[in-house]
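This is what each chain is made of:
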Amino acid sequence: MKIELAESYGFCFGVKRAIKIAEENKNSSTYGPLIHNSKEIERLEKDFKVGLTDNHRSFSSGDKAVIRTHGIPKNELAELKANNVNVVDATCPYVTKPQQICQEMSEQGYDIIIFGDEAHPEIKGVKSYATYGATVVTSPKELEDLKLKDKIALVAQTTRKVEDYMEVANYLIPRHKEVRVFNTICNATFENQEAVRKISKKADVMIIIGGKNSSNTKQLFSISHDNCKDSYHIEDENDLDFSWFDGKEFCGISAGASTPDWIIQNVVNAIEKNQQTKNS
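Residue positions are counted from 1 within each chain, in the order its sequence is given. Given that the model is predicted, a residue must reach a pLDDT of at least 70 before its local features are reported, and side-chain atom pairs must reach 80 or more before they are shown or counted; all residues, however, enter totals for whole chains, interfaces and linings. Derived side-chain values reflect all non-hydrogen atoms in the structure, with water molecules and hydrogen atoms excluded from consideration.

**Q** Would you mind going over the side chain of Ser200 in detail, with residue names and values included?
**A** Relative to the helices and strands, Ser200 resides in helix H7 (residues 187-200). In terms of polar contacts, Ser200 uses its side chain to reach the backbone carbonyl oxygen of Arg197, at 3.2 Å. Any two residues whose heavy atoms approach within 4.5 Å at even a single point are treated as in contact. In this structure, Ser200 is in contact with Met206, Ile223, Ser224, Asn227 and Cys228, ignoring residues within four places of it in sequence. Only DSSP runs of H or I with at least four residues qualify as helices, and only runs of E with at least two residues qualify as strands; both kinds are numbered from the N terminus onward. Between N or O atoms, a polar contact is any pair within 3.5 Å; within protein, one atom must be a potential hydrogen donor and the other a potential acceptor, and residues adjacent in sequence are included only when both atoms are from side chains.

Written out as structure tokens, the structure reads:
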């Protein structure tokens, strides 16, 4: 069986940057999971003494708080600074961008529409920057009963599928006098999605590696499954079921933006070892 990695996969710029920041700040704590990969968070705690807290009020004056890649709500950031917590901001610049857009457009009188998952930490943070509030939707249908102004500003969660974002934009444009559509989907998401689309069309089994709560990994899996029904989302090699590969000739592999190279390599090694055992 041929095993091939997608042309673009794994750690994005924002995640690499955040991990480097965390490694440089030993004996600190991240507010919320730094990235959506539990294995990498365990490694940071073990090797660099970087802890994790889900409550921003647990930091005391002088403590070092590393802000996760997804960012945090504006009021919580202000509270940390007001309490003299040493804030180390590892928010991805691609996430900072929609935060700034929401604030600026809201203050200019635009209704803010955010395409994304309201429960996701990135969107909780982005929404908080809209001075006069924002509406979060996951599909055009959710816009049907809303009374909106003539002026709309639209942003997307950085890891969403482009096609889904365009459906929301195409719904709004003919119905309002001014619709400002901001491309806030990050380059790495574009590249990883296009690469998984390409390889999944050739493969007869696909393995997508990443955290179960990782939005961008779920999007990769969704695209892969559209083209290859035998697509599987795993966190690491322990989730593999080797019966998936029975009778298969081409195994494609991709990984989410929070998936470190060492986990990807462990998966490849496990599949190769299984195939060698089967053929010996």
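Here the narrative resumes.
**Q** Could you give an account of the packing of helix H1 (residues 13-23) against helix H2 (residues 38-48), naming the residues involved and the relevant values?
**A** One way to put it is that H1 packs onto H2 with a least axis distance of 10 Å and a crossing angle of 25°. As the angle between them shows, H1 and H2 are arranged roughly parallel. Read as a crossing pair, H1 and H2 show a hand that is right-handed. Of the residues in H2, those in contact with Ile19, Ala22 and Glu23 of H1 are Glu40, Arg43, Leu44 and Phe48. Any residue that is not Ala, Val, Leu, Ile, Met, Phe, Trp, Tyr, Cys, Pro, Asp, Glu, Lys or Arg is counted as polar, Gly included; the first ten are nonpolar and the last four charged. The class makeup of the residues in the contact of H1 with H2 is four nonpolar, no polar and three charged. Axis geometry follows a simple rule: fit a line to the C-alpha atoms, using only the stretch in contact for helices, then measure angles between N-to-C directions, giving values from 0 to 180 degrees. An angle counts as roughly parallel when it lies under 35 degrees, as roughly antiparallel when it exceeds 145, as roughly perpendicular when it falls between 65 and 115, and as oblique in every other case. Less than a right angle of anticlockwise turn of the near helix away from the far helix marks a crossing as left-handed, whereas a clockwise turn marks it as right-handed.

**Q** Just give me the short version of the environment of Ser58, but keep the residues and values in it.
**A** Structurally, the position occupied by Ser58 is in the loop between strand E3 (51-53) and strand E4 (64-67). The class of Ser58 is partly exposed, set by a relative accessible area of 41%. Separated by 27 residues in sequence, Ser58 and Tyr31 place their C-alpha atoms 9.5 Å apart. Here Ser58 is in contact with Thr53 and Asp63, once residues within four sequence places are set aside. Think of it in three bands: with a 1.4 Å probe and only protein chains considered, a residue is buried below 20% of the maximum accessible area for its type, exposed above 50%, and partly exposed in between.

**Q** Describe the pairing of strand E10 (residues 205-209), listing the residues and the values that go with them.
**A** By the criterion of burial, E10 is predominantly enclosed, with five of the five residues buried. By the alternation rule, side chains of E10 split into Val205, Ile207 and Ile209 and Met206 and Ile208, which are all buried. The pairing criterion is simple: DSSP has to find at least two bridges between the two strands. As judged from the five bridges shared by E10 and strand E12 (residues 250-255), these two strands associate in the parallel manner. If you follow Ile209 over to E12, its bridge partner there is Ala255. Sheet analysis places E10 next to strand E11 (residues 231-234), joined by four bridges and oriented parallel. By the bridge assignment for E11, Ile209 is matched with Ile234. When the strands point away from the viewer, a crossover counts as right-handed if the route from the first strand across the helix to the second turns clockwise. Assessed by its sense of winding, the connection that carries the chain from E10 through helix H8 (residues 215-227) to E11 is right-handed.

**Q** Would you mind going over the sheet that holds E10 in detail, with residue names and values included?
**A** On the basis of which strands lie adjacent, the open sheet formed by four strands has the order E1-E12-E10-E11 and parallel pairing. Only two strands of the sheet have a single neighbouring strand rather than two, namely strand E1 (2-5) and E11. Neighbour-to-neighbour, the strand axes of the sheet open up by a mean angle of 20°, direction not taken into account. Running at roughly 170° to E12, H7 makes contact with E1, E10 and E12 of the sheet. In this fold helix H9 (residues 261-279) packs onto E1, E10, E11 and E12, with an angle of close to 150° to the strand it touches most, E10.

**Q** Please give an account of the nonpolar core that cites residues and values.
**A** The criterion is simple. A nonpolar core is a set of buried Ala, Val, Leu, Ile, Met, Phe, Trp, Tyr and Cys residues joined through side-chain atoms within 4.5 Å. Within the largest apolar cluster, 25 residues are counted, with the highest numbers of intra-cluster contacts made by Cys102, Met105, Ile112 and Ile114. Elements that contribute at least two residues to this core include exactly E4, helix H3 (74-82), helix H4 (93-107), strand E6 (111-115), helix H5 (121-128), strand E7 (134-137) and strand E8 (151-156). Counting residues per element, this core draws most heavily on H4, which supplies four residues. Setting aside anything within four residues of it in sequence, one finds Met105 in contact with Tyr110, Ile112, Ala153, Arg180 and Phe182. Listed in part, the 18 residues of the second largest apolar core include Ala18, Ile19, Val88 and Ala188.

**Q** Lay out the sheet that holds E4 with the relevant residues and their values.
**A** Taken in spatial order, the four strands make up an open sheet running E3-E2-E4-E5, and their pairing is parallel. Since the sheet does not close on itself, it has two edges, and those belong to E3 and strand E5 (86-89), each with one partner. Strand-to-strand twist across the sheet, computed as the mean angle between neighbouring axes with direction ignored, equals 35°. Examined bridge by bridge, strand E2 (residues 29-31) and E3 share three bridges and lie parallel to one another. The residue of E3 that forms the bridge with Thr30 is Leu52.

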